[in-house]
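Residue-level structural notes
Each chain, letter by letter, is given below.
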Amino acid sequence: MNFNEFVNEVKDNIKLFLPRDYENAEVSTMECHKLNRAYTGLMVRKEGEMLTPTINLNQLYEAYKAQPGVTMETVCRKIADIVIEAPIQVDLKAILNYEDVKDKLFIRV
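My aim in this report is to walk through the structure given alongside it, one point at a time. (Residues numbered from 1 in each chain as written. Predicted model: local features only at pLDDT ≥ 70, side-chain atom pairs only at ≥ 80, totals over all residues. Heavy atoms only, no water.)

Further remarks concern the packing of aromatic side chains. Applying the stated criterion across every chain yields a total of three aromatic pairs. On the numbers, 5.4 Å between centres and 70 degrees between planes, the contact of Phe3 with Tyr61 is edge-to-face. Note that Phe3 is positioned in helix H1 (residues 3–13) and Tyr61 in helix H2 (residues 57–66), a separation of 58 residues in sequence. A centroid spacing of 5.4 Å and a plane angle of 40 degrees characterise the contact between Phe6 and Tyr64, whose relative ring orientation is tilted. Separated by 58 residues along the polypeptide, Phe6 in helix H1 and Tyr64 in helix H2 bring together distant segments of the chain. Owing to a relative accessible area of 0%, Phe6 belongs among the buried residues under this scheme. Members of the aromatic cluster, each reached through a chain of ring pairs, are Phe3, Phe6, Tyr61 and Tyr64. We note Lys46 situated over the ring of Tyr22; from NZ or CZ to the ring centre the distance is 4.8 Å. (Phe/Tyr/Trp six-rings, centres within 6.5 Å; stacked < 30°, edge-to-face > 60°. Helix = DSSP H or I, 4+ residues; strand = E, 2+ residues; numbered from the N terminus. Buried < 20%, exposed > 50% of the residue type's maximum accessible area, 1.4 Å probe, protein only. Lys NZ or Arg CZ within 6 Å of the ring centre and 35° of its normal.)

Next comes the structure, spelled out in structure tokens:
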């Protein structure tokens, strides 16, 4: 299986491994750039959520290829675990209001 087939397989089947409240979730991929590297990121956004973790499909594909016993079911279960365990609960209004966060800001060198 090549990388594009892997990505399509994950996108088409990930909802089968997620709880029922994800049945209307939006599944999308996008090219991500981080630390001078690019990767294909998978996002599963549940209805009403503004943020979601971005899962590095390139890393998962390399692990899939390197371990002959790993199945697509195993990969999808791993992704589902990440999606379920990492809900991002952020109050964007609090972050965007300078007066509320000015005492918590710092400079990192």
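What follows continues from the structure just given.
By secondary structure assignment, the location of Lys11 is in helix H1. A sequence separation of 65 residues divides Lys11 from Cys76, and the C-alpha atoms of the two residues are 9.3 Å apart. If we skip the residues at most four places from it in the chain, Lys11 touches Val27, Thr29 and Leu42. (Contact = heavy atoms within 4.5 Å.)

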